[in-house]
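The lines below spell out each chain.
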Amino acid sequence: MDYKIEKMDGFELIGFIREFQHETSYGKIPKFWDEVMALTSSSSRHETQNEVEKAIFDHKIGEFGACFQGFAEGRFFYMIGGIYKGGPVPLGMATIHVPAADWAKFRCVGPLPGALQAVNTKVFSEWLPGNPDYEPSMPINLEWYSMDCCPDSSPNDYESGVWLPVRAKRSALLGVLKAARLCLALCNFLERKLIKNFHKNPPQGLKAPRGIFIKVFRSSLFLKKACRVWDEVPRS
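Presented here is an overview of the structure given in this document. Keep in mind the model is a prediction, meaning the values are calculated, not measured.

What counts and what doesn't
Residues numbered from 1 in each chain as written. Predicted model: local features only at pLDDT ≥ 70, side-chain atom pairs only at ≥ 80, totals over all residues. Heavy atoms only, no water. Phe/Tyr/Trp six-rings, centres within 6.5 Å; stacked < 30°, edge-to-face > 60°. Helix = DSSP H or I, 4+ residues; strand = E, 2+ residues; numbered from the N terminus. Buried < 20%, exposed > 50% of the residue type's maximum accessible area, 1.4 Å probe, protein only. Lys NZ or Arg CZ within 6 Å of the ring centre and 35° of its normal. Arc of directions from axis to C-beta. Lys, Arg positive; Asp, Glu negative; His and termini not counted. Salt bridge = Lys/Arg side-chain N within 4 Å of Asp/Glu carboxyl O. Polar contact = N/O pair within 3.5 Å; in protein donor to acceptor, adjacent residues only side chain to side chain. Contact = heavy atoms within 4.5 Å.

## Digging into the packing of aromatic side chains
Next, step 1: Tallying each qualifying case throughout the model produces 13 aromatic pairs.
Next, step 2: Ring centres of Y3 and W127 lie 5.3 Å apart, and the angle between their planes is 70°; this geometry places the pair in the edge-to-face category. In this pair, Y3 is assigned in strand β1 (residues 3–8) and W127 in helix α3 (residues 114–127), connecting sequence segments 124 residues apart.
Next, step 3: For Y3, a relative accessible area of 34% gives the class partly exposed.
Next, step 4: Taking 6.4 Å as the distance between ring centres and 70° as the angle between the ring planes, the aromatic pair formed by F32 and Y78 counts as edge-to-face. Placement of the pair is F32 in helix α1 (residues 25–37) and Y78 in strand β4 (residues 75–83), with a sequence separation of 46 residues.
Next, step 5: According to the relative accessible area criterion, F32 is buried, its value standing at 3%.
Next, step 6: An aromatic cluster of three or more residues is present, and its members are Y3, F106, W127 and Y134.
Next, step 7: Here the guanidinium or amino end of K105 rests over the ring plane of W163, the centre of that ring lying 3.9 Å away.

Here's what the structure looks like:
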């Protein structure tokens, strides 16, 4: 699958929210989109007739679809929204805060909704289960839609995406920290044996480059910090 991991600051979304059942969502969410898109008949912000239309243009509502956990089993909330830039929130809309996170961003190319639904299914049925490196970091995932052209035209090269907040699995983190401990041991050996011996009995006509010692010292500090984190990780 075509994806990348990208760190993002927290942000707020504004839009329209509705609750859906998992079993029927693929059929009903596109109808929800039709309802929201029908709320504006203007072709530009200057032609907007009411606060709802102004909010749709100002916040680019329609750039994101957000799925987040519902209150009942088998159900979830879905928002059609955009990045909230401040200002009044019209009646019938809501805002949600999305915390800072690392995001796995899966690229999708093709007509909607089929192309994006296919990628979404693969993410949750193939990529995520049993993934050795990543797991979800919070109960939300986003659909991103390019605003370069209208999705309704569904061109074959239309770009969209599925974004999933992730964190490194504990097992993967412990592996990295174990490696850091081994590297620290090597740095300590170099510091005690090689560098001190070099200063005491340097080869005739040869001076140790100062940059080497600085790099070893900085690496040692970093690895010592990593190992302190390792020592604080609870063992299962």
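## Regarding helix α2 (residues 51–58)
Next, step 1: Residues E53, A55 and I56 constitute the buried set of α2. The buried side chains of α2 occupy one side of the element, clustering within an arc of 160° when seen end-on.

## Topic: the environment of E23
Next, step 1: Structurally, the position occupied by E23 is in the loop between β2 (11–21) and α1.
Next, step 2: Along the backbone, E23 and R75 are 52 residues apart, and their C-alpha atoms lie at a distance of 8.8 Å.

## Notes on the side chain of E63
Next, step 1: Relative to the helices and strands, E63 is located in the loop between α2 and β3 (64–69).
Next, step 2: Although E63 lies buried, it forms no salt bridge, and the closest oppositely charged side chain, K60, sits 5.6 Å away as judged by the N-O distance.
Next, step 3: Side-chain polar atoms of E63 contact the side chain of W144, separated by 3.3 Å.
Next, step 4: For E63, the contacting residues outside a window of four places in its chain are G81, E143, W144, Y145 and M147.

## Examining unusual backbone geometry
The general pattern is negative phi for most residues beyond glycine and trans for most peptide bonds.
Next, step 1: Here the bond from L112 into P113 is cis, since omega is 0°, no more than 30 degrees from zero.
Next, step 2: Within the secondary structure layout, P113 lies in the loop between β6 (101–109) and α3.
Next, step 3: Although it is not a glycine, K60 sits at a positive phi angle of roughly 50°.

## What about the pattern of salt bridges?
Next, step 1: Under the criterion given, the structure shown has 8 salt bridges.
Next, step 2: E6 is the salt-bridge partner of K105, the closest N and O atoms lying 3.2 Å from each other. Here K105 is found in strand β6, whereas its partner E6 is found in strand β1, with 99 residues between them in sequence.
Next, step 3: For K105, a relative accessible area of 11% puts it in the buried group.
Next, step 4: Between E35 and R18 there is a salt bridge, with its nearest N and O atoms 2.8 Å apart. Residue E35 is found in helix α1, and its partner R18 is found in strand β2; the two are separated by 17 residues along the sequence.
Next, step 5: Of the residues examined, E35 reaches a relative accessible area of 40% and is grouped as partly exposed.
Next, step 6: Counted as one network, the salt bridges with shared partners bring together D2, R107 and E159.

Note that every value here comes from positions in space, so none of it alone points to a role or purpose.
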